[in-house]
Amino acid sequence: MPDLDWAVLDAAATDIMARAYAPYSRFKVGVAGLMDDGRIVVGCNVENACYGVGLCAECGMVSSIHATGGGHLVAVSCVDQHGSPLMPCGRCRQLLWENGRPTTLIKTPEGILTLADILPQAFGPLDLVEHRRRVMDEGTLDPTVKEFLAWATVTLANNQFGIETHTARLKR
């Protein structure tokens, strides 16, 4: 695991927060994450005149994770426009869960907590796999759907959609 320096992570979050695009709410947010390979990824909120399509800072950070090679979050610092710790919203906690681990550390207004602390009983990829297995084992699916799910599972497992192709190119 890489060395964790909260001051460096907080500074990266505060720096990117200054670049947020928040002309409507004027509530700027920045986030920085330490990845398992030691790099720091960042994101800031981006508002839109159509309020429902604004992006939280964590969305930008997650995009940066995948654009720069993937991996898992080790620690996250999210700050408001004053540089104070800010708790990620529910949607963003789910994004962090998918890109971190239950032990990923989050700096919150109440101190440092794990993802498992801030998102107990989280829903994740394993829930989808277990649900698919249960439904297929119960035999309640139409045979055509069952056949498709079996094909999709094998195809995804073998990466036949080329999902990681861009990441593999970046590593070359």
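Residues numbered from 1 in each chain as written. Predicted model: local features only at pLDDT ≥ 70, side-chain atom pairs only at ≥ 80, totals over all residues. Heavy atoms only, no water.

### Regarding the overall build of the chain
Now for step 1: Scanning the chain for helices and strands turns up seven helices and five strands.
Now for step 2: Listed by position from the N terminus, the elements making up the chain come as α-β-β-α-β-α-β-β-α-α-α-α.
Now for step 3: Burial statistics for the chain: of 172 residues in total, 34% are counted as buried.
Now for step 4: Pairs at least 24 residues apart make up 57% of the contacts formed inside the chain by residues separated by at least 6 positions.
Now for step 5: Element-wise, carbon and sulfur atoms account for 58% of the exposed surface of the chain, whose accessible area totals about 10300 Å². (Helix = DSSP H or I, 4+ residues; strand = E, 2+ residues; numbered from the N terminus. Buried < 20%, exposed > 50% of the residue type's maximum accessible area, 1.4 Å probe, protein only. Contact = heavy atoms within 4.5 Å. Areas by Shrake-Rupley, 256 points an atom, 1.4 Å probe, with all protein chains shown as cover.)

### Side note on a nonpolar patch on the surface
Now for step 1: The grouping of Tyr 21, Tyr 24, Val 46, Tyr 51 and Leu 55 at the surface amounts to a nonpolar patch, some 540 Å² of accessible area in total.
Now for step 2: Tracing the backbone shows Tyr 24 in the loop between α1 (6-17) and β1 (30-35). (Patch = residues over 30% accessible without salt bridge, like charges linked within 9 Å, V, L, I, M, F, W, Y side chains within 5 Å. Salt bridge = Lys/Arg side-chain N within 4 Å of Asp/Glu carboxyl O.)

### Quick look at the packing of aromatic side chains
Now for step 1: Inspection of the entire model under this criterion finds one aromatic pair.
Now for step 2: Taking 6.0 Å as the distance between ring centres and 85° as the angle between the ring planes, the aromatic pair formed by Tyr 24 and Tyr 51 counts as edge-to-face. Placement of the pair is Tyr 24 in the loop between α1 and β1 and Tyr 51 in the loop between β2 (40-44) and α2 (57-67), with a sequence separation of 27 residues.
Now for step 3: Tyr 24 sits in the partly exposed class, given a relative accessible area of 40%. (Phe/Tyr/Trp six-rings, centres within 6.5 Å; stacked < 30°, edge-to-face > 60°.)

### Here's the deal with the nonpolar core
Now for step 1: In this structure, Met 61, Leu 73, Val 76 and Leu 96 are the most contacted members of the largest nonpolar core, which totals 18 residues.
Now for step 2: Elements supplying a minimum of two residues to this core: β1, α2, β3 (73-79), α3 (90-99) and α4 (115-118).
Now for step 3: It is α2 that contributes the most residues to this core, four residues altogether.
Now for step 4: For Met 61, the contacting residues outside a window of four places in its chain are Val 31, Ala 32, Gly 33, Val 41, Val 42, Gly 43, Leu 73, Val 76 and Leu 96. (Core = buried A, V, L, I, M, F, W, Y, C linked by side-chain atoms within 4.5 Å.)

### Some points on the sheet that holds β3
Now for step 1: Pairing is mixed across the open sheet formed by five strands, whose spatial order is β2-β1-β3-β4-β5. Each having just a single partner strand, β2 and β5 (111-114) make up the two edges of the open sheet. Adjacent strand axes in the sheet meet at a mean angle of 20°, parallel and antiparallel pairs treated alike.
Now for step 2: Judged from the six bridges that link them, β1 and β3 form a sheet pairing that is antiparallel. Considered in β3, the bridge of Gly 33 is made with Val 76.
Now for step 3: Of the strands in this sheet, β1, β2, β3, β4 (105-108) and β5 are in contact with α1, which crosses β3 at around 50°. (Pairing = 2+ DSSP bridges. Axes fitted to C-alpha atoms, helices over the stretch in contact; angles between N-to-C directions.)

### A short note on the pairing of β5
Now for step 1: Inspection of the sheet shows β4 paired to β5 by four bridges, in the antiparallel sense. Across the sheet, residue Ile 106 finds its bridge partner in β5, namely Leu 113.
Now for step 2: Count of turn residues in the β4/β5 antiparallel hairpin: two residues.

### Considerations on the side chain of Glu 58
Now for step 1: One can find Glu 58 in helix α2.
Now for step 2: Notably, Glu 58 is buried but unbridged: the nearest opposite-charge side chain belongs to Arg 93, and the N-O separation is 8.2 Å.
Now for step 3: Excluding residues that lie within four positions of it along the chain, Glu 58 makes contacts with Val 31, Cys 78, Pro 88, Cys 92 and Leu 96. (Lys, Arg positive; Asp, Glu negative; His and termini not counted.)

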